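Each chain, written out:
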Amino acid sequence: MEELDGEPIVTKVEMPTVFSESHQTAKRYLTKQKIENIGLIPEVNSKKKQMCFDWGPGEMLVCETSFNKKGKSETVPSCPFIYIVRKDVDVYSHILRKLFNESHGIFVGLQRIEEELTGKSRKAQLVRVSKNYRSVIRACMEEMHQAAIAATDPDSSRQFSSQVSILSAMELIWNLCEILFIEVAPAGPLLLLLLDWVRLHVCEVDSMLADVLGSENPSKHEGFWKLVTILVLQGRLDEARQMLSKEADASPTSAGMCRVLGDLMRTMPVLSPGNTQTLTELELKWQHWHEECERHLQDGTFVSSPHLESLCKIMLGDEAALLEQKELLSNWYHFLVTRLLYSHPTVKPIDLHFYAQSSLDLFLGGESNPEPLDNILMAAFEFDIHQVIKECSIALSNWWFVAHLTDLLDHCKLLQSHNLYFGSNMREFLLLEYASGLFSHHSLWQLGVDYFDYCPELGRVSLELHIERIPLSTEQKALKVLRICEQRQMTEQVRSICKILAMKAVRNNRLGSALSWSIRAKDAAFATLVSDRFLRDYCERGCFSDLDLIDNLGPAMMLSDRLTFLGKYREFHRLYGDKRFVDAASLLLSLMTSQIAPRSFWMTLLTDALPLLEQKQVIFSAEQTYELLRCLEDLTSGRPVHGEPDAQQLQDDDIETTKVEMLRLSLARNLARAIIKEGSLEGS
């Protein structure tokens, strides 16, 4: 609750993002996100009282009314606060802001190099871009993990840990999409990439390996066989062989069996990246190797060692043996990849979804339903891109992931046929949603501008609508917004911003700034208003403020008659100061006779003429003096007649009468002098 002078004025409540209690697997988080994505407003009983609300660009105002649901009203609501519920809470996380900033650079770079990409170089570049996105996710995940460790508050630690879970899920999904949709790996290399995918996201093996190898007698370590089994399940057979050699050294009775199983691991055919053998050759070699493994099992080679026998069954792809290791596999997609490695190493991309579905069914065994993460991964294995995007949009808490993934897939020409019925394609729709969320943040809105720029259909319209809602809290921020609008020729927005800043400057009595903004907005009416304020201040104080600005108006003074008058009147003062009295007098008279000067300012102009009329030399000619007399008579004859005057008005009238008498006297004397001078010139 924020307080002002001790009074509670508003309570800001962020929409709770529900986190999983356990962050061992990201899919639990996504399940809870779907079930519990409901925000409860503190101290408000919605069953008894009616609520009123109003949506803003990124927030919603919520308050309790005085009406209850039985139709009776109360004079005072039981919850006298206004709550602000935020829609996109992730933009307020200082760690996730780094994700948004870093990915923005990758996004803009991708749009700029798009035209240069062709053929194989195009595919390689797109894969590189995808890996860059994933590296940003992983860096953010690592920082979030460190924050969770360092947090002293249990709630904060739990929140950071849950964010690690969701980032892990995002990276898992993105990596799979990269393999299937961007790399488009064929049979053979496909399995190698899927193995790397699983190994990357099952990280506890390395710490377990270090723990076992660090012990005095690794083969006697309680986690030894568990470690060897996990290594085999992940296809890390070279490391598994090294561990078996330690068992052989420590236990002579099992040394022969370890050597046989080690040889089977060593000879297992694998299609390495630099290998030139064909898939047919690989299948033949693999079939021969598979038969040899089966022969050893049937001959009872490992019958005296249940651990080694279990490992041999796993290498044969025995489903029952694999399902016995459910705890070590931890999830169905790990089970899928292990099953493919030892049963179908040359699986084709088109067949993946059959094996994925059967692996999911076998692993769950009817005990539980698929969770959101399972549905997303299954949609990817089915090559249903649109379902992947749909499920991610539902499960994840913000638009960052789907917006950037969809944009990348669109550059891969995978979404060209999918247009939405309301006029925009899927890529543009998601980018617009993501950019709109950025605009609710006080600084990230600058990133949103570029996302709008790269939405060709609705981007400019959306940018115009959002940029008008940015609070111009400081002049520096206003200048940033203005520069963005000017770069994009957004004329109406430029005028609107300049008018807002001009109004603020007028309220703060900063007339120079107000005039500058009104000129920049090309707003003649407001320039006239500010010019009037300048003239009024001059009448009250006898001098101008912001002389530099007025002296350098240049062509801008043509914006309005009043501004023109202000500039010319200042020029008159400058001429007078330079003792160029004839030029000054001519300019002063032209201001009055051309009707540029406001009538209310004529008396001031006539008063300014007095020092020129009293000069030793004749400044005004007879004709000019007649013009001044006519102006004076027009002014005095057109003055309104007041009702019963008060003392102040009588005093003002006396001053005005004195001015008029002095002017008439001075004009008469000057007229006489001018006639004499002009007559003598004619006579000579």
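Remember, it's a predicted structure, so these values are computed and weren't measured experimentally.

## Structural notes on the overall build of the protein chain
In terms of helices and strands, the protein chain carries 31 helices and five strands. Residues counted as buried form 47% of the 684 residues belonging to the protein chain. The contacts in the protein chain between residues at least 6 apart in sequence include a share of 64% that link residues at least 24 apart. Carbon and sulfur atoms make up 52% of the accessible area of the protein chain, which totals about 34,800 Å².

## Overview of the layout of surface pockets
Within this model, the second largest pocket holds a volume of roughly 490 Å³. Taken together, 25 residues form the lining of the second largest pocket, with Leu-192, Leu-195, Val-270, Leu-271 and Ser-272 sitting closest to its centre. Secondary structure elements with two or more residues in the lining of the second largest pocket: helix H5 (189–201), helix H8 (237–250) and helix H9 (252–267). In terms of residue count, the dominant contributor to the lining of the second largest pocket is H5 (seven residues).

## Comments concerning the environment of Ala-250
Topologically, Ala-250 is positioned in helix H8. On the basis of relative accessibility, which here comes to 35%, the residue Ala-250 falls in the partly exposed class. Sequence separation between Ala-250 and Pro-218 is 32 residues; the distance between their C-alpha atoms is 9.1 Å. Those residues in contact with Ala-250 that lie beyond four places of it in its chain are Asn-217 and Ser-219.

## Brief notes about the pattern of salt bridges
Side chains bearing opposite charge may pair, as long as their charged atoms lie close to each other. Counted by the stated rule, this structure contains 18 salt bridges. Between Asp-155 and Arg-158 there is a salt bridge, with the nearest N and O atoms lying 2.4 Å from each other. Separated by three residues within a single helix, Asp-155 and Arg-158 lie in helix H4 (residues 154–183), roughly one turn from each other. Look at Asp-155 and you get partly exposed, because its relative accessible area is 45%. On the basis of relative accessible area, Arg-158 is assigned to the partly exposed category, the value being 35%.

## Details of the packing of helix H23 (residues 491–507) against helix H24 (residues 511–521)
Axis separation between H23 and H24 bottoms out at 8 Å; the angle between their running directions is 165°. Regarding the angle of H23 to H24, the classification is roughly antiparallel. As H23 packs across H24, the resulting crossing turns out to be left-handed. Contacts between H23 and H24 pair Arg-495, Cys-498, Lys-499, Leu-501, Ala-502, Ala-505 and Val-506 from the former with Ser-513, Ala-514, Trp-517, Ser-518, Arg-520 and Ala-521 from the latter. Grouping the constituent residues of the contact of H23 with H24 by class yields eight nonpolar, two polar and three charged.

## Examining H4
Across its 30 residues, H4 extends 42 Å between first and last C-alpha, which sits within 8% of the 44 Å expected from 1.5 Å per residue. For H4, the principal kink sits at Cys-177 and spans about 30°. Buried residues dominate H4, accounting for 22 of its 30 residues. Looking one or two residues past H4, Val-184 carries a phi angle of roughly 50°, positive in sign.

## Focus on the packing of aromatic side chains
All told, the structure shown has 18 aromatic pairs when counted by the stated rule. For the pair Trp-399 and Phe-429, a centre-to-centre distance of 6.4 Å together with 85° between the ring planes defines the contact as edge-to-face. With a gap of 30 residues between them, Trp-399 in the loop between helix H17 (385–395) and helix H18 (400–411) and Phe-429 in helix H19 (residues 426–438) connect regions that are remote in the sequence. Trp-399 gets classed as partly exposed once you look at its relative accessible area, which sits at 25%. Judged by its relative accessible area of 28%, Phe-429 is partly exposed. When the centroid spacing of 5.0 Å and the interplanar angle of 85° are considered together, the rings of Tyr-434 and Tyr-451 count as edge-to-face. Note that Tyr-434 is positioned in helix H19 and Tyr-451 in helix H20 (residues 445–453), a separation of 17 residues in sequence. Note on accessibility: Tyr-434 and Tyr-451 belong to one class, buried. Ring-pair connections join several aromatic residues into one group, and the members of that group are Phe-100, Phe-107, Tyr-434, Tyr-451 and Tyr-454. Over the aromatic face of Phe-363 sits the side chain of Lys-326, whose NZ or CZ is 5.3 Å from the ring centroid.

So, how was this worked out
All residue numbers refer to position in the chain's written sequence, counted from 1. Note on the predicted model: pLDDT of at least 70 is required for a residue's local features to be given, and 80 or more for side-chain atom pairs to be given and counted; whole-chain, interface and lining totals, by contrast, use all residues. Excluded from the side-chain calculation are hydrogens and water; included are all heavy atoms of the structure. Counting from the N terminus, the helices are DSSP H or I runs at least four residues long and the strands are E runs at least two residues long. Exposure classes here rest on a 1.4 Å probe applied to the protein chains alone. A residue is buried below 20% of its type maximum, exposed above 50%, and partly exposed in between. Contacts are assigned to residue pairs with any non-hydrogen atoms lying within 4.5 Å of each other. Under the convention used here, a 1.4 Å probe and the Shrake-Rupley method define accessible areas, while residue burial counts only the protein chains that appear. Think of a 1 Å grid over the protein atoms and nothing else: a 1.4 Å probe that fits but is trapped marks a cavity, an open set flanked by protein within 12 Å on at least five of seven lines marks a pocket, and residues with an atom within 4 Å of a point count as lining. Grid points are joined across faces, edges and corners, and a volume is the space filled by probe spheres set on the points. We count a salt bridge whenever a side-chain nitrogen from Lys or Arg sits within 4 Å of a carboxyl oxygen from Asp or Glu. Orientation is described by lines fitted to C-alpha atoms, with helices fitted over the stretch in contact, and by angles between N-to-C directions that extend from 0 to 180 degrees. An angle below 35 degrees is treated as roughly parallel, one above 145 as roughly antiparallel, one from 65 to 115 as roughly perpendicular, and anything else as oblique. By definition, turning the near helix anticlockwise from the far helix through less than a right angle yields a left-handed crossing, and turning it clockwise yields a right-handed one. The residue classification treats Ala, Val, Leu, Ile, Met, Phe, Trp, Tyr, Cys and Pro as nonpolar and Asp, Glu, Lys and Arg as charged. All others, Gly included, are polar. To estimate the expected span of a helix, subtract one from its residue number and multiply by 1.5 Å. The angle between axes fitted to the seven-residue stretch ending at a residue and the seven-residue stretch beginning at it gives the bend at that residue. The rule is short: rings of Phe, Tyr and Trp, with Trp giving its six-membered ring, pair when the centres are within 6.5 Å, and they are stacked under 30 degrees, edge-to-face over 60, tilted in between. Distance and angle both matter: a charge sits over a ring if NZ of Lys or CZ of Arg is within 6 Å of the ring centre and within 35 degrees of the ring normal.

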